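What follows is each chain in one-letter form.
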Amino acid sequence: ELRGVRAKGAKEAGIEIAGNGKRVSWNVVKKNGTGIVVSGSGNDLRGGTIERSTGNGVEFSATAEANVLLGADIQLNGGNGILIEGSGNTVRDNPRVDSNGKNGVLVTGSGNLVKANVIGSDKTKGNGENGVMVMGAGNKITINTSSANLGDAFTASAATAGTPHARKGNPS
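Position numbers for residues start from 1 in each chain and track the written sequence from start to end. Whole-chain, interface and lining totals are the exception, using all residues; otherwise, since this is a predicted model, local features are given only for residues with pLDDT of at least 70 and side-chain atom pairs are given and counted only at 80 or more. The basis for every side-chain value is the complete set of heavy atoms in the structure, and neither hydrogens nor water enter the calculation.

1. Thoughts on the overall build of the chain
For clarity, the cut-off: By definition, any uninterrupted DSSP run of H or I lasting at least four residues is a helix, any uninterrupted run of E lasting at least two residues is a strand, and each is numbered from the N terminus. Each radius of gyration reported is based on C-alpha atoms, and the globular scaling rule is 2.2 Å times the count of residues to the power 0.38. The classification of residues rests on relative accessible area computed with a 1.4 Å probe and restricted to protein chains. Under 20% of the type maximum is buried, over 50% is exposed, and intermediate values are partly exposed. Contacts are residue-level and defined by heavy atoms, with any inter-residue pair within 4.5 Å sufficient. Here the Shrake-Rupley method, with its probe set to 1.4 Å, supplies the accessible areas, and only the displayed protein chains count as covering residues.
Tallying secondary structure elements over the chain gives zero helices and 22 strands in all. Taken over the C-alpha trace, the chain has a radius of gyration of 14 Å; the compact-globule value for 172 residues is 16 Å, and the two agree within 12%. In the chain, which comprises 172 residues, the proportion classed as buried is 48%. Considering only contacts within the chain whose residues lie at least 6 apart along the sequence, 41% involve residues at least 24 apart. By element, 48% of the accessible surface of the chain is carried by carbon and sulfur atoms, the whole surface being about 7400 Å².

Written out as structure tokens, the structure reads:
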């Protein structure tokens with residue numbers, strides 16, 4: 001278990017999780033190239049603040065599967081607040097995905113759940129592009145709030161008849 005971490009000033013990732021089945025609860029991850037990079041499976045990431053990285057705040061790589069990100073403030077990053085390239089990951093109950101340079105949440109992987117996040121928590125804290133942009137197939141986007149983003153609140157593409165997106169109860 002990795003708990004109470006303060007990671008600041010790394011040129012690449014503040015925290016990199018390449019293993020499987022790890023529990024990470026951090027305090028502050030700031031001013032890194034990317035805040036947190038996850039490439040393993042079955043990891044549990046909870047709480048804390050990820051901010052002011054030059055790239056993405058949290059990045060689930062293409063090999064990241066069945067990970068959970070819960071209860072974090074992800075803000076003021078130069079790239080996307082959260083990038084999900086892998087499959088079967090859950091991003092939920094994050095109270096602030098604010099003021100990121102690109103999308104609040106960008107999903108390019110498949111079969112992921114994005115639930116009950118607040119993306120752009122008030123009129124001055126929207127993200128630089130879309131609140132939630134879904135490009136992968138078969139993702140479920142439910143009960144998120146997205147507001148004040150410079151692009152669309154929710155945008156989805158790449159769904160097929162065999163792998164449709166499920167979008168339910170997302171106010172903007």
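2. Considerations on the sheet that holds strand β18 (residues 132–134)
Condition: One bridge is not enough; two strands pair if DSSP finds at least two bridges between them. Comment: axis = line fitted to C-alpha atoms, over the contacting stretch for helices; angle = value between 0 and 180 degrees taken between N-to-C directions.
Taken in spatial order, the seven strands line up as β3-β6-β9-β12-β15-β18-β21 in an open sheet, and their pairing is parallel. Taken across any chain shown, the strands that pair with only one partner, and hence form the sheet edges, are β3 (13–17) and β21 (154–156). The average angle at which neighbouring strand axes cross in this sheet is 10 degrees, direction not considered. Sheet topology places β3 next to strand β6 (residues 34–38); four bridges connect them, and they run parallel. Bridging from a neighbouring strand, Ala-13 pairs with Thr-34 of β6.

3. Focus: unusual backbone geometry
The phi angle at Lys-31 is positive, at roughly 55 degrees, despite the residue not being glycine. Within the element layout of this structure, Lys-31 appears in the loop between β5 (28–30) and β6. Residues other than glycine seldom take positive phi values, yet Ser-99 does so here, at roughly 55 degrees. Examined against the element boundaries, Ser-99 turns out to sit in the loop between β14 (96–98) and β15 (105–107).

4. What about the pattern of salt bridges?
In plain terms, the rule: Counted as salt bridges are all cases of a side-chain nitrogen of Lys or Arg within 4 Å of a carboxyl oxygen of Asp or Glu.
Taken as a whole, this structure holds five salt bridges when the rule is applied. Note that Arg-23 is salt-bridged to Asp-44, the shortest N-O span being 3.8 Å. Of this pair, Arg-23 sits in strand β4 (residues 23–25) while Asp-44 sits in strand β7 (residues 44–46), and the two are 21 residues apart along the sequence. The partly exposed category is assigned to Arg-23, whose relative accessible area is 36%. Classification of Asp-44 as buried rests on a relative accessible area of 16%. Among the salt bridges present, the one from Arg-92 reaches Asp-93, with a minimum N-O distance of 2.7 Å. The partly exposed category is assigned to Arg-92, whose relative accessible area is 32%. Taking the relative accessible area as the measure of exposure, Asp-93 reaches 31% and is therefore partly exposed.

5. Here's the deal with the nonpolar core
Short version of the rule: The definition of a nonpolar core used throughout is a set of buried Ala, Val, Leu, Ile, Met, Phe, Trp, Tyr and Cys residues joined through side-chain atoms within 4.5 Å.
Membership of the largest hydrophobic core comes to 29 residues, with the highest contact counts inside it found for Trp-26, Ile-36, Phe-60, Leu-69, Ile-82 and Val-105. Among the elements of the structure, β3, β6, β9 (58–60), β12 (82–84), β15 and β18 are those that each provide at least two residues to this core. Apart from residues no more than four positions distant in its own chain, Phe-60 is found in contact with Val-38, Asn-67, Leu-69, Ile-82, Leu-83, Ile-84, Glu-85, Gly-86, Asn-89 and Val-91.

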